[in-house]
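# Topology and contacts: notes
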Number of protein chains: 2
Amino acid sequence: MKRVDEEYGQQPKVGFSERFIRGDVFSAQCPSREVLKHITNRWGGLVLIALKLNQGPAYRFSELRRLIQGVSEKMLAQTLKMLEQDGFVQRTDFQVVPPHVEYSLTPLGAEVAVHVVGLADWLEEHIQDILSHRKLS
Amino acid sequence: MKRVDEEYGQQPKVGFSERFIRGDVFSAQCPSREVLKHITNRWGGLVLIALKLNQGPAYRFSELRRLIQGVSEKMLAQTLKMLEQDGFVQRTDFQVVPPHVEYSLTPLGAEVAVHVVGLADWLEEHIQDILSHRKLS
DNA sequence: CTGCATCCTAGAAGATACTG
DNA sequence: CAGTATCTTCTAGGATGCAG
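Model, not experiment: these values are computed from the prediction.

Around DNA strand D lies a shell of 16 residues, among which Arg42, Lys74 and Pro99 of chain A together with Arg91 and Tyr103 of chain B are the nearest. A share of 60% of the atoms of DNA strand D within 4 Å of the protein falls on sugar and phosphate groups. Between DNA strand D and Lys81 of chain B there is a distance of 3.0 Å, counted from a phosphate oxygen to a side-chain nitrogen or oxygen. Tyr103 of chain B places a side-chain nitrogen or oxygen 2.4 Å from a phosphate oxygen of DNA strand D. Sorting the residues of the surface near DNA strand D by element identifies α5 (73-85) of chain A together with α4 (61-67), α5 (73-85) and β3 (101-105) of chain B as the ones contributing at least two each.

So, in C-alpha cells, the structure goes:
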C-alpha cells in the first residue's frame, strides 16, 4: 500500500526495489500481483493447503495428485514448479529409479499457507450460508 | 474436509446438503471450489480487499475502478455481481439520474475479507523475500 | 514413478461502442 | 454515472504421447 514516490500508477522506469517499500496489490505494476496470482490460480492454493495440512511424511507427486481431485498431471507439475520458484515449496529428488520425489513447504511457504488455510477453512464452514443466499437471489 | 458418507470422490447422486457436513475444497464436486474461484479469480479478491480496507463512505463504481488498477469496466461489473450473489457485497442503488450506486461489504463479506486481506498483507510484506529467492533459482 | 512436449479448446479477460 | 452488448484476443487448463 505504500509507495516510495508519489506518481501513483505510472509505468515504472526503475526497478522494483527503488520504487516500492513493500508490495501493493492494487498497483498493476507491482510484482505482488503476480505472486498473488500464483497462490490464487486454480491449483496453487490447494497445493499449499494440502502440504500445510499434511501431518505425515512429505507427499509424493502421485499422492498430491490423488488428494487434489481434478488436477491434471501437467497442471500439478506446473504449479509445483511455480511455487518452488517463489520459495514456498521444497522439492526433494531422491535420484532413484523408479523416481521418488517428495514435496514439502519451506518456512516461507508455511507462512503463506496459514492464510490460505484460514481462507479455505472459513469457506468450508460457511458454504451453506453462501449457497442459501444464492437461492434467494 | 468431512464427508457424510465414505464414497470419496464419486459423482454426487443427491444434493449437496445430504452429502456434505461442511465444504471440502479438495473434492472436485464441492461447491466451495466454485466460491473459492470467485474469491481467487483475477479481480474478486482485490474487490473484497478494497471494500474491506475502506474507512470512508461506501465506494461508488468508478471509485473502485480507479482504485483497482487495470480492471476493466466489464470485469468489475461482472465481479461485483458475482460477489453480490454470493452474499459478500451489498449493492445500493439510489435510483437517481445521473446514476449513483454504492458498494459495501455485507457482514458475511466482511468475514471472508479478513482472510483475503490477511493473505494480501502477508504478501506485500514479504514480496522482497520472494523476489530475491526467485533471482537465486 | 515423475515428469516433459505437443497440440487443442473453453472460458476468462480486453476493446469498443452504445444506453438509460 | 453506471453500466450492457458485442466482438475479439488470450491463456489457463486439458488430453495425449513419450522418456528417463
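With that settled, consider helix α3 (residues 44-53) of chain B. Of all ten residues in α3 of chain B, eight are buried, a share of seventy percent or more. Buried within α3 of chain B we find Gly44, Gly45, Leu46, Val47, Leu48, Ile49, Ala50 and Leu51 of chain B.

Looking now at the pattern of salt bridges. Inspection of every chain in the model, using the stated rule, returns six salt bridges over all chains. The partner of Asp93 of chain A in a salt bridge is Arg91 of chain A, with the nearest N and O atoms 3.9 Å apart. The class for Asp93 of chain A is partly exposed, based on a relative accessible area of 32%. Residue classification places Arg91 of chain A among the partly exposed positions, given a relative accessible area of 36%. Taken together, the shared-partner salt bridges connect Glu34 and Asp86 of chain A together with Arg134 of chain B into one network.

Attention now goes to the packing of aromatic side chains. In this structure the tally under the stated criterion is two aromatic pairs over all chains. Between Phe88 of chain A and Trp122 of chain B, the ring centres sit 6.3 Å apart and the planes meet at 55°, which makes this aromatic pair tilted. Here Trp122 of chain B lies in helix α6 (residues 107-136) and Phe88 of chain A lies in the loop between α5 and β2 (89-93), a pairing that spans two chains.

The strands making up a sheet associate through backbone hydrogen bonding, with each pair oriented either parallel or antiparallel. Residue and element names in this part refer to chain A. Across the sheet, which stays open at both edges, the three strands sit in the order β1-β3-β2 with antiparallel pairing between neighbours. In this open sheet, the two edge strands, each paired with only one partner strand, are β1 (59-60) and β2. Here five bridges tie β2 to strand β3 (residues 101-105), and the two strands are oriented antiparallel to one another. If you follow Asp93 over to β3, its bridge partner there is Val101.

Turning our eyes to something else, we now look at the protein's contact with DNA strand C. The local shell around DNA strand C holds 19 residues, among which Ser62, Arg91 and Tyr103 of chain A together with Lys74 and Pro99 of chain B are the closest. Between a phosphate oxygen of DNA strand C and a side-chain N or O atom of Lys81 of chain A, the distance comes to 3.4 Å. Counting only elements with at least two residues in the surface near DNA strand C, the list comes to α4 (61-67), α5 and β3 of chain A together with α5 of chain B. At four residues, the largest contribution of residues to the surface near DNA strand C is made by α5 of chain A. The residue makeup of the surface near DNA strand C, split by class, is nine nonpolar, two polar and eight charged.

Counting 72 residues, the largest nonpolar core has Phe88 of chain A together with Phe88 of chain B as its most contacted members. Those residues in contact with Phe88 of chain B, other than ones at most four positions away along the chain, are Trp122 and Ile130 of chain A together with Val35, Ile39, Leu48, Leu83, Ser104, Leu105, Thr106, Leu108, Gly109 and Val112 of chain B.

This part is about the sheet that holds strand β1 (residues 59-60) of chain B. All names here are of chain B. Taken together, three strands build an open sheet; the order of strands is β1-β3-β2 and the sheet is antiparallel. On the outer flanks of this sheet lie β1 and β2 (89-93), each paired with one strand and no other. Taken together, the two bridges between β1 and β3 define a ladder with antiparallel strand orientation. Considered in β3, the bridge of Tyr59 is made with Tyr103.

Considered as a void within the structure, the largest pocket measures approximately 630 Å³ in volume. Taken together, 30 residues form the lining of the largest pocket, with Thr40 and Asn41 of chain A together with Lys37, Thr40 and Asn41 of chain B sitting closest to its centre. Those elements giving two or more residues to the lining of the largest pocket turn out to be α2 (32-40), α3 (44-53) and α6 (107-136) of chain A together with α2 (32-40), α3 and α6 of chain B. The biggest single contributor to the lining of the largest pocket is α2 of chain B, with six residues.

Calculation criteria
- Residues numbered from 1 in each chain as written.
- Chains lettered and ligands numbered in written order.
- Predicted model: local features only at pLDDT ≥ 70, side-chain atom pairs only at ≥ 80, totals over all residues.
- Heavy atoms only, no water.
- Near = heavy atom within 4 Å.
- Polar contact = N/O pair within 3.5 Å; in protein donor to acceptor, adjacent residues only side chain to side chain.
- Helix = DSSP H or I, 4+ residues; strand = E, 2+ residues; numbered from the N terminus.
- Buried < 20%, exposed > 50% of the residue type's maximum accessible area, 1.4 Å probe, protein only.
- Salt bridge = Lys/Arg side-chain N within 4 Å of Asp/Glu carboxyl O.
- Phe/Tyr/Trp six-rings, centres within 6.5 Å; stacked < 30°, edge-to-face > 60°.
- Pairing = 2+ DSSP bridges.
- Nonpolar A, V, L, I, M, F, W, Y, C, P; charged D, E, K, R; others polar.
- Core = buried A, V, L, I, M, F, W, Y, C linked by side-chain atoms within 4.5 Å.
- Contact = heavy atoms within 4.5 Å.
- 1 Å grid on protein atoms, 1.4 Å probe; cavity = no way out; pocket = protein on both sides within 12 Å on 5 of 7 lines; lining within 4 Å.
- Points joined across faces, edges and corners; volume = space filled by probe spheres on them.

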